[in-house]
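Observations on the model geometry
Below, each chain spelled out in residue letters.
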Amino acid sequence: MEIIYILLLVIAVLSNSILIIILSMRAERSVSILLFILLLYFINAWGVPQIIVNYFELKDGLFIAVDKISSLGYTFIPVIFLIFALSFVNKLYLLRSHLLLVIIFLPAIFFLYLAWNTDLIEIRNYQLTQKHSWGYGVPIGQLFPVIVIWFESLIISAMIMIIKFHRSTPDLAKKRQSIWLIAALLIPLIFGTVTNAILPILKIPALPSAIPLTSIMALIIAYAIIRHELFELSPLTILSSLGGGVITVNRDENIVQINQTAADLLGVNDALTGKAIQSIISLKDENTKGAKRINPVRMVLKTGRKFESGNFMVRSAAKKKFPVDLIVTPLQHKDNITGATLIFYDITKEKELEKNKNEFISIASHELKTPITSIKAYSQILQKQIQEDKAFKYAGFIAKINDQVDKITELINDLLNVGRIEAGKLVLNKSNFFIDHLIEKEVDDFRLTETTHTFAITGRTGHKVFADEERIGQVLKNLLTNAVKYSPQANKVIVGIAEIKYGIRISVQDFGIGIPEADHKKIFGRFYRSNAKTGRKITGFGLGLYISGEIIKRHGGRIWVEDSKPRGSTFYFTIPTGRN
Ligand code: ADP
């Protein structure tokens, strides 16, 4: 029998040693893994002396010395396990509290002292141990039940912590990992306690199985570490390697995890779990300057929909401010939103580059304007001259040159406008004017130049609006140009004016190629051109609607497109009245 016990111990110690070697060789060694390796050393410190004293017939002094190492092992195992559990649930920072350190370590040191110097825990007597042989009914000290209770209470605390973490973490990977830990822990907790504590206390001889069982626990945890990447595969670690700041919050907007990059970017330390996210980071949408603030985290927790924006400004509690690319994704568990993950990238450099690019475009277009204006002037002089000289065969060329110059001028103006918009320099010169008059004037211009289509106006308001007349005129021009341009087969455009609750709504309807539903929003983006096959042949830069959209937005209005019946599109925009 004795040999079976020794054999079990040898297997346990060997398996622990192999795990130590495998885990030490891993490239990535997190604090949790280092603590786990330490735990393995202590399990061996408990087990190896047991092999020695049971196998070799050691003399009195040597026997006591070796056996003492064993007590060093078991008094510190629960302490290290608790710290390991703290690290798993991301609460290692709790150890910064001196009180907690004393509460954890002092009893261990005290029990070790008792085990080494008194007979209160273990009766270290060579003859007695020999007589009873390898643990069957080895006499125990009076305080042995106390150390058992302390030991178990630490392990149970660790277990409760992991169970609570399992229930509260929004991170599904961690949820699975905590189940592994709990399952592994239950084995030595139940059976080890029975064979090594309860039965000896009841003076019932039993095979002390705690060491082999603890080693089985270690094997399961190590398996989870290696196969299931127990600690590495947290999304946080993976995302950290992408260089982004990652913060996970639970349903109550309290921080569950924060990675080093996030802590560095925000200039805070990472001991923040449990704190409200608002206490360290405030996010401001650069698109809605001054207007209603949206809280992306709250929105995602409420709607369960992912949120992305490349135009957010982060202001940290440490007074750091920088632009970010922001993604907030909901974490879901069985249809419930359990939390959200925030990923943000510092895009200061990109913004700087974009600013330079915009500056370049605006300088270049500015510089292009002067030569183009003079080309236009000369070609007009030339046109006049040709008419005077009656050299009509050249008139066609000049007309072509004029057309092309007009196109370039239009593009340059668009680019200049885009530059202004990007730099936030699109200024509105507002005044009160009759909107009906403006529409009539613009439509009349089109009636003169666009002879392929007829233009009808429906409705009128008779009201004045307070807006930038020239810019609103520009929007109308854009919409009318598109209506004609994208309806080569049709011959009609209808402009509608309607009064709505908070202002007026203008529509421009055509019966042309139409716009696929998926593009309804996208066409208002910079340089976006719809992919509809028929439209591809029609040239353009995809800037007109972007500029129009910005102009309407600055007026506090809305612009959108709907499908027309039976075909074609109707563009709408609103201008709010009653605010100036
Ligand atoms: P551009 O016409 O120079 O390409 P816009 O910004 O004015 O740029 O328009 C963006 C895109 O929207 C166009 O490329 C076209 O695909 C689509 N579009 C705009 N107006 C219409 C319309 N009335 N009918 C069909 N497609 C349109």
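That block above? That's the structure.
Considering the overall build of the protein chain
For the protein chain, the count of helices and strands is 17 helices and 13 strands. Relative to the globule expectation of 25 Å for 580 residues, the C-alpha radius of gyration of the protein chain, 39 Å, shows a markedly less compact shape. With respect to the principal axes defined by its C-alpha atoms, the protein chain has extents near 135 × 50 × 45 Å. By the burial criterion, 47% of the 580 residues in the protein chain qualify as buried. If you take every contact in the protein chain between residues at least 6 apart in sequence, the share linking residues at least 24 apart comes to 65%. Here the protein chain has roughly 30,800 Å² of accessible surface; of this, 61% comes from carbon and sulfur atoms.

A short note on the nonpolar core
By size, the foremost hydrophobic cluster in this structure holds 62 residues, and its most contacted members are Phe 36, Leu 39, Phe 81, Trp 150 and Ile 221. The set of elements that each furnish at least two residues to this core consists of helix H1 (2-25), helix H2 (31-55), helix H3 (60-88), helix H4 (98-117), helix H6 (144-168), helix H7 (172-201) and helix H8 (210-227). Here this core gets 12 residues from one element, more than from any other, and that element is H3. Listed in part, the 40 residues of the second largest apolar core include Ile 515, Ile 559, Val 561 and Phe 573.

A look at the pattern of salt bridges
Pairing between side chains becomes possible if they bear opposite charge and their charged atoms approach one another. If you walk through the whole model with that rule in mind, you get 10 salt bridges. A salt bridge links Arg 460 to Glu 440; the nearest nitrogen and oxygen atoms lie 3.6 Å apart. Of this pair, Arg 460 sits in the loop between strand S8 (454-458) and strand S9 (464-467) while Glu 440 sits in helix H14 (residues 435-449), and the two are 20 residues apart along the sequence. Given a relative accessible area of 33%, Glu 440 falls into the partly exposed group. Here Asp 444 and Arg 447 are joined by a salt bridge, their closest N and O atoms 3.0 Å apart. Here Asp 444 pairs with Arg 447, and both are found in helix H14, just 3 residues apart, close to one helical turn. For Asp 444, a relative accessible area of 38% puts it in the partly exposed group. Taken together, the shared-partner salt bridges connect Asp 436, Glu 440 and Arg 460 into one network.

Here's the deal with unusual backbone geometry
What you tend to see is this: most non-glycine residues have negative phi, and most peptide bonds are trans. At the junction of Lys 565 and Pro 566, the peptide bond is cis and its omega measures out at -5 degrees in the coordinates. You can see Pro 566 is positioned in the loop between strand S12 (559-563) and strand S13 (569-576). The phi dihedral of Glu 253 is positive, around 65 degrees, even though this residue is not glycine. The residue Glu 253 is located in the loop between strand S1 (245-250) and strand S2 (255-258) in this model. Residue class for Glu 253 comes out buried when judged on its relative accessible area of 10%. Positive phi, close to 60 degrees, is recorded for Lys 390, a residue that is not glycine.

Observations concerning the site of the ligand
For the ligand, the set of nearby residues contains 19 residues, the closest of which are Asn 482, Tyr 486, Asp 510, Arg 529 and Leu 545. The separation between a nitrogen atom of the ligand and a polar side-chain atom of Asp 510 is 2.7 Å. Here Gly 544 contributes a backbone N or O atom positioned 3.2 Å from an oxygen atom of the ligand. When the ligand sits alone it has 530 Å² of accessible area, and the protein chains cover 96% of it. Among the secondary structure elements, those contributing two or more residues to the shell around the ligand are helix H15 (469-485), helix H17 (544-554) and S13. Grouping the constituent residues of the shell around the ligand by class yields 9 nonpolar, 7 polar and 3 charged.

Quick look at the sheet that holds S8
Pairing between the strands of a sheet is mediated by backbone hydrogen bonds and can be parallel or antiparallel. If you walk across this open sheet you meet the 5 strands as S8-S10-S11-S13-S12, and the pairing is mixed. Where the open sheet ends on each side, the last strands, each with one partner, are S8 and S12. Shown here is a sheet whose adjacent strand axes are inclined to one another by a mean of 20 degrees, direction ignored. Pairing of strand S10 (residues 492-500) with strand S11 (residues 503-510), which is carried by 8 bridges, proceeds in the antiparallel orientation. Residue Ala 498 lies in a different strand from S11, and its bridge partner there is Arg 505. Contacts between H15 and the sheet are confined to S8, S10, S11 and S13, with S13 contributing the most and set at about 175 degrees to the helix.

Here's the deal with the pairing of S2
Pairing geometry for S1 and S2, over 3 bridges, is antiparallel. Along S2, the bridge assignment pairs Ile 247 with Ile 258. The turn linking S1 back onto S2 is made up of 4 residues, and Glu 253 within it adopts a positive phi angle of 65 degrees.

Focus on the sheet that holds strand S6 (residues 336-346)
Spatially, the 6 strands line up as an open sheet ordered S2-S1-S6-S5-S4-S3, and their pairing is antiparallel. In this open sheet, the two strands that pair with only one neighbour each are S2 and strand S3 (281-285). When strand polarity is set aside, the average angle formed by the axes of neighbouring strands in this sheet is 35 degrees. Across the sheet, helix H11 (residues 296-303) is in contact with S1, S3, strand S4 (307-316), strand S5 (321-333) and S6; its angle to S6 comes to roughly 150 degrees. Helix-sheet contacts for helix H12 (residues 348-389) involve S4, S5 and S6, and the interaxial angle to S5 is about 125 degrees.

Focus on helix H13 (residues 395-422)
Over its 28 residues, H13 extends 41 Å from the first C-alpha to the last, a length consistent with the 40 Å expected when each residue adds 1.5 Å. Ile 398, Asn 402, Val 405, Ile 412, Asp 414, Leu 415, Leu 416, Asn 417, Val 418, Gly 419 and Ile 421 are the residues of H13 that are buried. Its buried side turned inward, H13 meets H12, H15 and H17. Downstream of H13 by a residue or two, Gly 424 has a phi angle that is positive, lying close to 70 degrees.

Thoughts on the packing of aromatic side chains
With the rule as written, the count across this model stands at 12 aromatic pairs. For the ring pair Phe 76 and Phe 105, a centre distance of 6.4 Å and an interplane angle of 45 degrees mean the geometry is tilted. Residue Phe 76 is found in helix H3, and its partner Phe 105 is found in helix H4; the two are separated by 29 residues along the sequence. By relative accessible area, which is 28% here, Phe 105 ends up partly exposed. Taken together, a centroid distance of 5.7 Å and an interplanar angle of 90 degrees make the contact between Phe 307 and Phe 312 edge-to-face. Aromatic rings pair up to connect Phe 36, Phe 81 and Phe 84 into one cluster.

Considerations on a nonpolar patch on the surface
Together, Leu 186, Ile 190, Phe 191, Val 194, Ile 198, Leu 202 and Ile 204 make up a nonpolar patch on the protein surface, roughly 600 Å² of accessible area in all. Structurally, Leu 202 is set in the loop between H7 and H8. Accessibility expressed as a relative area gives 54% for Leu 202, which makes it exposed.

Scoring rules and cut-offs
- Residues numbered from 1 in each chain as written.
- Predicted model: local features only at pLDDT ≥ 70, side-chain atom pairs only at ≥ 80, totals over all residues.
- Heavy atoms only, no water.
- Helix = DSSP H or I, 4+ residues; strand = E, 2+ residues; numbered from the N terminus.
- Rg over C-alpha atoms; globule rule 2.2 N^0.38 Å.
- Buried < 20%, exposed > 50% of the residue type's maximum accessible area, 1.4 Å probe, protein only.
- Contact = heavy atoms within 4.5 Å.
- Areas by Shrake-Rupley, 256 points an atom, 1.4 Å probe, with all protein chains shown as cover.
- Core = buried A, V, L, I, M, F, W, Y, C linked by side-chain atoms within 4.5 Å.
- Salt bridge = Lys/Arg side-chain N within 4 Å of Asp/Glu carboxyl O.
- Near = heavy atom within 4 Å.
- Polar contact = N/O pair within 3.5 Å; in protein donor to acceptor, adjacent residues only side chain to side chain.
- Nonpolar A, V, L, I, M, F, W, Y, C, P; charged D, E, K, R; others polar.
- Pairing = 2+ DSSP bridges.
- Axes fitted to C-alpha atoms, helices over the stretch in contact; angles between N-to-C directions.
- Expected span 1.5 Å × (residues − 1).
- Phe/Tyr/Trp six-rings, centres within 6.5 Å; stacked < 30°, edge-to-face > 60°.
- Patch = residues over 30% accessible without salt bridge, like charges linked within 9 Å, V, L, I, M, F, W, Y side chains within 5 Å.

Function cannot be inferred from these measures alone, as they are strictly geometric.
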